[in-house]
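A structural walkthrough
Here is what each chain is made of, one letter per residue.
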Amino acid sequence: MTIENEKAIRAVVSSFVEAYASGFSDRHLSEIDDKEGTINMKIHNVFIAALGKDIQYYSALARSLDSSLGNMLEKMAIKLASLHYTVSRHVEGVIYSRQTEFIATLLEEYKRRARKPQVEDYSDILSLRFDSHTINKRHESDYYLFDEETGMHHLIELKIGGDLDNKKARSEKEALLEQYCILVNKLNSSDDVKMWFATAYNRYGEGNPWVQSRVQQFFAKEELLISSAFWNMVCKSDLGYEIVIDEYRKCAHYIVDALSKIKLAYLPNTPYE
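The present account deals with the structure reproduced in this document. Bear in mind the structure is a predicted one, so any value in this text is a computation, not a measurement.

1. Remarks on the pairing of strand E3 (residues 152–158)
- Among the seven residues in E3, seven count as buried, and that is most of the element.
- Burial along E3 is two-sided: Met152, His154, Ile156 and Leu158 and His153, Leu155 and Glu157, pointing in opposite directions, are all buried.
- For strand E2 (residues 134–147) and E3, the ladder comprises five bridges, and the chain directions are antiparallel. In the sheet register, Tyr144 faces E3, and the bridge partner there is Leu155.
- The hairpin turn running from E2 into E3, its antiparallel successor, is four residues long, and Gly151 in that turn takes a positive phi close to 80°.
- For E3 and strand E4 (residues 193–199), the ladder comprises six bridges, and the chain directions are parallel.

Next up, the structure:
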């Protein structure tokens, strides 16, 4: 990690946090007289409104903050990745019918827990491409990173907090596997393509074991980029996570100030402490 790289990472983080705080504040302040605004709409939930204006405000704001902050982190990670990788948001190309059949069988085994996911499960997928039935497919991708230095292609499925919906777990791994096949077919090799399931933070606490069972049902341990591992990859440095978190904490006051302004507008008799 050079000083220039660290400065670039810090500049990205600070600019995104400051812009997010300003946008978050402006949006909610502009909605204060809007009956269909994010916070005001909570008055129509009689079960929340009956608990009082404070609860109505906090419940609405917390959901808005959690969702919008997650979106900001996704965009910030893409910008950080662009410092070190060629970044794309889609994969397009040919996939063979035998490959799609293999994927369906493999995922069914994962679903029934008849097989535990391993990276080696896909090692022979290139040999299944030689048939006459092909399909041209395009997949939107969370992150498709190409490392020009190593020649490695990375396909990343990012869930900010790590939750993998029971109904979507299979389909999301299927989409990744199809992207994997498309790239492998293009490159004529599976050695330079990797799939990842990533999280922006560890919901069990940084450094603690990741035990989300739905994730482990469909992804091998070697395919997980949990919290620091994700930010280190995006920043292409073992210090990536430390720098991102350190700069975020330094800039967090922008968000705190924004929350203060919003609270004073919606709950003028209970100033932010």
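2. Concerning the pattern of salt bridges
- Enumeration according to the criterion identifies 15 salt bridges in this entry.
- Close ionic contact of Glu108 with Arg112 constitutes a salt bridge, the shortest N to O distance being 3.8 Å.
- What makes Glu108 partly exposed here is its relative accessible area of 32%.
- Owing to a relative accessible area of 52%, Arg112 belongs among the exposed residues under this scheme.
- Beyond isolated ion pairs, a larger network of salt bridges with shared partners links Glu6, Arg10, Asp246, Glu247 and Lys250.

3. Looking at the packing of helix H3 (residues 53–81) against helix H8 (residues 240–266)
- Orientation of H3 relative to H8, taken along the N-to-C sense of each, is 145°, at an axis distance of 13 Å. Once H3 is placed against H8, the crossing between them reads as right-handed. Within the contact between the two elements, H3 uses Tyr57, Tyr58, Leu61, Leu65, Leu69, Met72, Met76 and Leu80 and H8 uses Val244, Tyr248, Ile255, Leu259, Ile262, Lys263 and Tyr266.
- When grouped by side-chain class, the residues that make up the contact of H3 with H8 number 14 nonpolar, no polar and one charged.

So, how was this worked out
Residues numbered from 1 in each chain as written. Predicted model: local features only at pLDDT ≥ 70, side-chain atom pairs only at ≥ 80, totals over all residues. Heavy atoms only, no water. Buried < 20%, exposed > 50% of the residue type's maximum accessible area, 1.4 Å probe, protein only. Helix = DSSP H or I, 4+ residues; strand = E, 2+ residues; numbered from the N terminus. Pairing = 2+ DSSP bridges. Salt bridge = Lys/Arg side-chain N within 4 Å of Asp/Glu carboxyl O. Axes fitted to C-alpha atoms, helices over the stretch in contact; angles between N-to-C directions. Left-handed = near helix turned anticlockwise from the far one by under 90°. Contact = heavy atoms within 4.5 Å. Nonpolar A, V, L, I, M, F, W, Y, C, P; charged D, E, K, R; others polar.

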